[in-house]
Structure formats: C-alpha cells, structure tokens
Amino acid sequence: MKTIKVSVVTPDGPVYEADVEMVSTKAKSGELGILPGHIPLVAPLEISAVRLKQGGKTEYIAVSGGFLEVRPDKVTILAQAAERAEDIDVTRAKAAKERAERRLQSKQDDIDFKRAELALKRAINRLNVANMK
C-alpha cells in the first residue's frame, strides 16, 4: 500500500515523523482525510486529535491548533503544542482541566474567559487522546 511522509513539528522540535497510509484530523473547515497523492492544501487546525493509520494500527497525537500543509508526498503539521498519546501525563491533564473549569465557574471580572475556555479544550483533548492509546 502507498504511504505518505508525515511530520508533526512544534516550536520545541519534532514530535512525530513516519510514513503512514492515511492522516485524519479536524481543520477549521471540517474533518480531513489525507491519502498519498492528495492535492496540495494548507488549512488551520482545531484543537483535536490527529489520527495516523499504518499497517492496521492507528496512532494518535493531541494537537493544540496550528496548521496543516499537504503536498502529494508529504504532510507537515505545525502546532503550538503536540503530544503522542503515550507521552501524555494524564494526572497533569486532569489537573489542568480542573483548573480551567474552576476559572470558568468563578465569575470574577479579571478572568480571561476565552483563554480559560481554550485551556479547557486543550486539557479535554489531551485526556481524550490519552484514552485512545
């Protein structure tokens, strides 16, 4: 079966690099499935899971937004943060989720609700991806 090279990169360095049969992720415009030979594309990503299928197995990476660049032979994901499912610290993610929920529930004027909502989405995404492994 044909494969496509995938690179997931953050400001801290590469997180994932391999040849896979299919990449699935959620862009701002909707769900994307990318196979080898896909037309060139650039799309902003949602906070979501990236699913990488290879040889009957699926690997998961939690990404906190970013951009997806597709070329016929390569997919590059540039993300602010990305973690492989097996690298996610579940205890830390649960603590981040609880902190964000407390911030959202406290009706204080000095709370940046948009930032707290994004923190909550990131924590939930990390927990969901950790449970997929």
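Computed from a prediction, not measured in an experiment: that's the story for all the values here.

Draft legend 1. Layout of the pattern of salt bridges. A complete count under the given rule lists seven salt bridges for this structure. A salt bridge links K5 to E17, with the shortest nitrogen-to-oxygen separation between them at 3.9 Å. Placement of K5 in strand 1 (residues 4–10) and of E17 in strand 2 (residues 13–20) is noted, with a sequence separation of twelve residues between them. Look at K5 and you get partly exposed, because its relative accessible area is 32%.

Draft legend 2. Representation of helix 1 (residues 90–105) in the model. For helix 1, with 16 residues, the first-to-last C-alpha span of 22 Å sits near the 22 Å given by 1.5 Å per residue. Taken residue by residue, helix 1 has A93, A96, A100 and L104 as its buried positions. When helix 1 is viewed along its axis, its buried side chains cluster within an angular range of 70° and face the same direction. Exposed side of helix 1, more than 90 degrees from the buried face: T91, R102 and Q105 are the residues found there. Of the surrounding elements, those touching the buried residues of helix 1 are helix 2 (113–132). Its side-chain oxygen placed 3.2 Å from the backbone nitrogen of T91, D89 serves as the N-cap of helix 1.

Draft legend 3. Spatial organisation of the pairing of strand 3 (residues 22–27). Note: strand 3 against strand 5 (residues 41–54), four bridges, orientation antiparallel. Bridged to M22 within strand 5 is K53. One ladder, built from five bridges, connects strand 3 with strand 4 (residues 30–34); its direction is antiparallel. Looking at the pairing, K26 lines up with E31 of strand 4. Counted along the chain from strand 3 to the antiparallel partner strand 4, the turn is two residues long.

Draft legend 4. Representation of the nonpolar core. Ranked by internal contacts, the top residues of the largest apolar core, which has 21 residues, are V6, V75 and I77. Only strand 1, strand 2, strand 3, strand 4, strand 5, strand 6 (57–71) and strand 7 (74–78) provide two or more residues apiece to this core. Beyond its immediate chain neighbours, meaning those up to four positions away, V75 contacts I4, K5, V6, S7, V23, I34, L68, E69 and V70. Formed by seven residues, the second largest nonpolar core is a distinct cluster that contains A49, Y60, A85 and V129.

Draft legend 5. The arrangement of the side chain of S24 in detail. Mapped onto the elements, S24 comes out in strand 3. Its relative accessible area of 7% is what places S24 among the buried residues. Every residue in contact with S24, bar those within four places of it in the chain, is listed here: E31, L32, G33, A49, V50 and R51.

Scoring rules and cut-offs
Starting afresh in each chain, residues are numbered from 1 along the sequence in its written order. In keeping with the predicted nature of the model, local features appear solely for residues at pLDDT of at least 70, side-chain atom pairs appear and are counted solely at 80 or more, and the whole-chain, interface and lining totals rest on all residues. To get the side-chain values, take all heavy atoms of the structure and skip hydrogens and water. One side-chain nitrogen of Lys or Arg within 4 Å of one carboxyl oxygen of Asp or Glu is enough to make a salt bridge. For helices the rule is a DSSP run of H or I covering at least 4 residues; for strands it is a run of E covering at least 2, with both sets numbered from the N terminus onward. Classification of residues uses two cut-offs on accessible area relative to the type maximum, computed with a 1.4 Å probe and protein chains only: under 20% is buried, over 50% is exposed, and between them is partly exposed. Take the number of residues in a helix, subtract one, and multiply by 1.5 Å to get its expected span. The arc refers to the directions leading from the helix axis to the C-beta atoms. In what follows, a contact means two residues having at least one pair of non-hydrogen atoms within 4.5 Å. Polar contacts, as counted here, are pairs of nitrogen or oxygen atoms within 3.5 Å of one another; within protein the pair requires one atom able to donate a hydrogen and one able to accept it, and residues that are adjacent in sequence qualify only if both atoms are side-chain atoms. Two strands are said to pair when DSSP picks up at least two bridges between them. The criterion is simple. A nonpolar core is a set of buried Ala, Val, Leu, Ile, Met, Phe, Trp, Tyr and Cys residues joined through side-chain atoms within 4.5 Å.

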